[in-house]
2 protein chains.
Amino acid sequence: MKNILKDLNKAFENKVRLGIMSALTVNDQLDFTALRELLDVTDGNLASHLKYLERENFVEYRKEFLDRKPNTRYSITPSGKEAFVKHIEAIEKLLK
Amino acid sequence: MKNILKDLNKAFENKVRLGIMSALTVNDQLDFTALRELLDVTDGNLASHLKYLERENFVEYRKEFLDRKPNTRYSITPSGKEAFVKHIEAIEKLLK
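All values reported here derive from a predicted model rather than from experimental measurement.

Criteria and cut-off values
- Each residue is numbered by its place in its chain's sequence as written, counting from 1.
- Both sets of labels track the order of writing: A upward for chains, 1 upward for ligands.
- Given that the model is predicted, a residue must reach a pLDDT of at least 70 before its local features are reported, and side-chain atom pairs must reach 80 or more before they are shown or counted; all residues, however, enter totals for whole chains, interfaces and linings.
- Side-chain numbers come from the whole structure's heavy atoms, not from hydrogens or water.
- C-alpha atoms of residues with pLDDT of at least 70 in both copies form the basis for the least-squares superposition of the copies.
- Any two residues whose heavy atoms approach within 4.5 Å at even a single point are treated as in contact.
- Buried area counts how much accessible surface, traced with a 1.4 Å probe, disappears from two parts once they are put together, with both parts' losses summed.
- Salt bridges, as used here, are contacts in which a Lys or Arg side-chain nitrogen is within 4 Å of a carboxyl oxygen on Asp or Glu.
- Throughout this description, a polar contact denotes any pair of N or O atoms lying within 3.5 Å of each other; where both atoms belong to protein, one of them has to be capable of donating a hydrogen while the other can accept it, and for residues adjacent in sequence the pair is counted only when both atoms sit in side chains.
- A run of H or I in DSSP becomes a helix once it reaches four residues, and a run of E becomes a strand once it reaches two; helices and strands are each numbered from the N terminus.
- Gly is placed with the polar residues, together with every amino acid not listed as nonpolar (Ala, Val, Leu, Ile, Met, Phe, Trp, Tyr, Cys and Pro) or charged (Asp, Glu, Lys and Arg).

(A) Inspection of the relation of the copies chain A and chain B at higher detail. By a simple turn and slide, chain A fits onto chain B: the slide is 0.0 Å along the axis, the RMSD is 0.0 Å, and the turn is 180°. Those values place the two copies in the arrangement expected of a two-fold rotation axis. In terms of proximity to the rotation axis, the leading residue of chain A is glutamate 13 of chain A, whose C-alpha is 2.7 Å off the axis.

(B) Layout of the interface of chain A and chain B. The interface is formed by 24 residues belonging to chain A together with 24 residues belonging to chain B. Approximately 2500 Å² of surface area, both sides summed, lies buried where chain A meets chain B, with 70% of it carried by carbon and sulfur atoms. When the buried surface of chain A facing chain B is broken down by residue, Leu5, Glu13 and Lys15 of chain A rank first, second and third, together holding 25% of it. Put simply, chain A and chain B have zero salt bridges between them. In this structure, the connection of chain A to chain B is made through eight residue pairs in polar contact (both at pLDDT 80 or more). If you list the elements that add at least two residues to the side of chain A that touches chain B, you get helix 1 (15-26), helix 2 (32-39) and helix 4 (78-94) of chain A. Take the side of chain A that touches chain B: its biggest share by element is six residues, from helix 1 of chain A. Residues belonging to the side of chain A that touches chain B are distributed by class as follows: 14 nonpolar, four polar and six charged.

Bear in mind that shape data such as this cannot, by itself, settle questions of function.
As structure tokens, this is what we get:
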């Protein structure tokens, strides 16, 4: 057994990003408010981690209007899903 | 579901520390060289993360002499085991 860390993804080390990816794996899409409540983080903190994941093309969003109010729904991208599954499998493998 | 991150432990976010704790969960004890090879990190990097985990009382070590050479064996402490199990269970719960 060598280099057991190589399949862990730096992008998902941070627990807020781990939480975002998990929440968007379990739920097809979530809006900003739902994510913030799930993760119990500030607006600024959540926004910065979402931006990081968008830049990596792991998360995407769609802006809509609900009752004339803007609503931003986030979802995981196919490449985000692939990278996250690989990361979780790497954690599971660590413990075997 | 609220605050899904609260049981994740900041000490185990970093992947080297996650790797150390996993390796010492799977193996009762490992020396510095074995850990370094498993994790594929530099001496300085490994030493600094081990020190962090010692300070938290999650990891302890015993120094011995093997063939007159010093040999440092690391193992997980009971409180390290408890904290790590809680962290891993929190990751598993994220995905449910």
